[in-house]
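# Examining the three-dimensional arrangement
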Amino acid sequence: MNLLSSLHFDQKLRKWLRDLAVLVFLVELCNLCVPWLFGRVIDSLASEDSFGILFFCLLVLAVVGLVLDQLALSLSAVMAHHWEANLRQLSLDSWCLQQPDSAERWPQGEAGMKFMRDIPILGNALQSVFPQLLRTMTLLFLALSFAFFQCRQVFHILLCAFPLLLVINFYFRKQLNHIAHKMRSTQDTLCSRVFEFLNSYPELKALEADSHYRERVASGLGEITSVEYNSAKLQIAFQRSFKLLLLSCEYIVLGTVCILASHGHIQIGQIVFFRIMIMRVLNGGVGILQLLPQLIAIREARDSLNALIEQGQKTSASDGAKLDGDLESIELANVSFAYADSQRKVFENYSLHVSRGEVISLEGVNGIGKTTMWKILAGWQTPTEGVVYVNGKPLSEHLGDFRRRVAFVAQNTLLFYGSLLENITLGASDIRAEDLDAALRLSGFDKVVARFPEGLGKHVEAGAGMSGGECQRLSLARALYRKPELLVLDEVTNHMDTSGKEIVKSLIQSMRGRVMLLVITHDAEIRALCDREVMLQ
């Protein structure tokens, strides 16, 4: 349970865990009582006593044990399914608690592996690993109890073997922990490399420049193979040591009971019982031996998901109160910003005031921080120092409502798998037909839609079937459909032809005086339409 203690169980799961513990105890009690009764039957046969009642009790216990075992297996499966569903929802909720600047720092491969790898590992822990550990510990307790009352010499032998088992387990677990942690970090890094390589392969292959990136992926695969080989060698050494100790314990116990039987201290039936009991304990020990790598993987998966959950709780922010009236002004007051992985500040003690209806051009050389600046103004990034005010009040007090009033067209269009309509409305169920028509017309995307027989129902993925300029028009239509009070255009004309640029120029003219417009562009004609230029240095 210690491995799973950091992840919360609901009341239903806690009740099921208690029920499972009771079932496992009863199953293992039946499984030990059956060989004990079998030994009594053998003694009765040897002494020519009646054994009918003993044999009947043996059969009843065997059937009861089998039925209870099936119930325990079914309950484990139900628990695992329920917990996986809870973990997926908890992980998704935690991911969605993060602010944009926090979420975008997670490598895609690492974030994806939390959902695709770690949750199934924890589900398997509840279905297979935890019940097996519970069975083994229960069996061990019952075996010691039987040995204590049946033969104190066997009890002492088993008691002396436990410290040796713990020493071996501690020695190898420490090394396996190190290898497991290295394997996990290597897998996460490789997954991000593979995603990057698969996404960029068509362009790289077209340039015959894929060899370097292929070698990077191959190097990562080789590193994983090497780590897995070292892990396998260590596990073999662990198994060898563990099995040697278990076999030694088995032969010592059998030798002891045989000597005791030869001197008349115990009966023949007890030899049979102790033989079966020792075999069950040994099988349980071998089961724990095989579980050790899984236990380490479970702990890594638990820590990985906890990191996501804690990050979500740490970076989450409440929506705050609604803004009073329209968006009238945004002000940066002595704002500084530096990325988490860098000591260099992108800008320092910067102040800016933007009023409703203004069209402002953000200027500066490449890499100066223009995109970072508009992300701070749009509530995407949080400044390292300083305060952002909206209508004279701190942005943090109205973050949710403010974001619903913002739209942006970034340099790279983000397309979702789904229809054109879903990409424009971002999956909204309540479609505003008039606003949709206006957004299509103003962005010029209505002409693109007319090319497809399916119209807005056409499914798209990664922009397939559309040019870069058409994707930008889709992004523009998405922004306009939101009816924003702050609109950001970041190099929106980069992929557009002359007609596309004319659409953007007309759009700026039509929205002047009604909404705040932030424009980042190298196009002189677009810059000329702006009310003022803000130079970042």
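For clarity, every value in this text was computed on a predicted model and none was experimentally measured.

This part is about the packing of helix α11 (residues 433-443) against helix α13 (residues 468-481). Where α11 contacts α13, the axes come no closer than 8 Å and their chain directions differ by 140°. Put simply, α11 runs oblique to α13. Pair α11 / α13 crosses with right-handed handedness. Residues D435, L436, A439, L442 and S443 of α11 pack against R473, L476, A477, L480 and Y481 of α13.

Before going further, it helps to examine the nonpolar core. Taken as a class, soluble globular proteins show a tendency for nonpolar side chains to be buried jointly. The biggest cluster of nonpolar side chains holds 36 residues, and the ones touching the most others in it are F445, M466, L489 and I508. Among the secondary structure elements, those contributing two or more residues to this core are β6 (406-409), α10 (420-425), α11, α12 (445-449), α13, β9 (486-490), α14 (498-511) and β10 (516-520). Among the elements that take part in this core, α13 stands out by supplying seven residues, more than any other. With 32 residues, the next largest nonpolar core counts I330, L352, V406 and I520 among its residues.

This paragraph deals with the sheet that holds β6. Paired through their backbone hydrogen bonds, the strands of a sheet run either parallel or antiparallel. In spatial order, the strands read β6-β9-β10-β3-β11; together these five strands make up an open sheet with parallel pairing. Edge positions in the sheet fall to β6 and β11 (532-535), since each of these pairs with one other strand and no more. This sheet shows a mean twist of 20° between the axes of neighbouring strands, independent of strand direction. Two strands pair when backbone bridges link them, and strand β3 (residues 359-363) and β11 are joined in this way by four bridges, in the parallel orientation. Among the inter-strand pairings, I360 is bridged to a residue of β11, identified as R532.

In regions of low pLDDT, the predicted coordinates are not meant to be interpreted in detail. Averaged over every residue, the pLDDT of the protein chain is 79; residues scoring 70 or more account for 83%. Mean pLDDT values over the elements of the protein chain span from 65, in helix α3 (residues 100-103), up to 91, in strand β4 (residues 385-390).

Mapping L58 onto the fold places it in helix α2 (residues 52-97). Classification of L58 by relative accessible area gives buried; the value is 10%.

Overall, antiparallel pairing links the four strands, which are arranged β2-β1-β4-β5 in an open sheet. Strands at the two margins of the open sheet, each flanked by one partner only, are β2 (347-355) and β5 (393-394). Sheet topology places β4 next to β5; two bridges connect them, and they run antiparallel. Paired with Y389 across the bridge in β5 is P394. Where helix α8 (residues 370-377) meets the sheet, it contacts β1 (329-337), β2 and β4, and its direction lies at approximately 125° from that of β1.

Bringing unusual backbone geometry into the picture now. Most of the time, phi is negative for any residue but glycine, and the peptide bond is trans. For N334, which is not a glycine, the phi torsion comes out positive at approximately 50°. Structurally, N334 can be placed in strand β1. Judged by its relative accessible area of 47%, N334 falls in the partly exposed class. Of note, the phi angle at K483 is positive, near 50°, even though the residue is not glycine. Counting through the fold element by element, K483 comes out in the loop between α13 and β9. Its relative accessible area of 53% is what places K483 among the exposed residues.

A word on the packing of α13 against α14. Between α13 and α14, the least distance of the axes is 12 Å, while the angle of their chain directions is 15°. Overall, the two elements α13 and α14 adopt an arrangement that is roughly parallel. The two elements α13 and α14 cross, and the hand of that crossing is left-handed. When α13 is examined against α14, the residues R473, L476 and L480 are found in contact with a partner set consisting of S499, G500, I503, V504, L507 and M511.

Let us now look at the packing of aromatic side chains. Tallied over the entire structure, the rule returns four aromatic pairs. Seen in terms of ring centroids, F347 and Y350 are 6.2 Å apart; in terms of plane orientation they differ by 50°. Their pairing is tilted. Of the two residues, F347 and Y350, neither departs from the other in class, the shared state being buried. Ring centres of W374 and W380 lie 5.9 Å apart, and the angle between their planes is 85°; on these two criteria the pair is classed as edge-to-face. Directly above the ring of W380 sits K375, whose terminal nitrogen or CZ lies 4.1 Å from the centroid. Looking at R432, its charged tip hangs above the ring of Y481, at a distance of 4.3 Å from the centre.

Cut-offs applied
- Residues numbered from 1 in each chain as written.
- Predicted model: local features only at pLDDT ≥ 70, side-chain atom pairs only at ≥ 80, totals over all residues.
- Heavy atoms only, no water.
- Axes fitted to C-alpha atoms, helices over the stretch in contact; angles between N-to-C directions.
- Helix = DSSP H or I, 4+ residues; strand = E, 2+ residues; numbered from the N terminus.
- Parallel < 35°, antiparallel > 145°, perpendicular 65-115°, else oblique.
- Left-handed = near helix turned anticlockwise from the far one by under 90°.
- Contact = heavy atoms within 4.5 Å.
- Core = buried A, V, L, I, M, F, W, Y, C linked by side-chain atoms within 4.5 Å.
- Buried < 20%, exposed > 50% of the residue type's maximum accessible area, 1.4 Å probe, protein only.
- Pairing = 2+ DSSP bridges.
- pLDDT = per-residue confidence, 0-100.
- Phe/Tyr/Trp six-rings, centres within 6.5 Å; stacked < 30°, edge-to-face > 60°.
- Lys NZ or Arg CZ within 6 Å of the ring centre and 35° of its normal.

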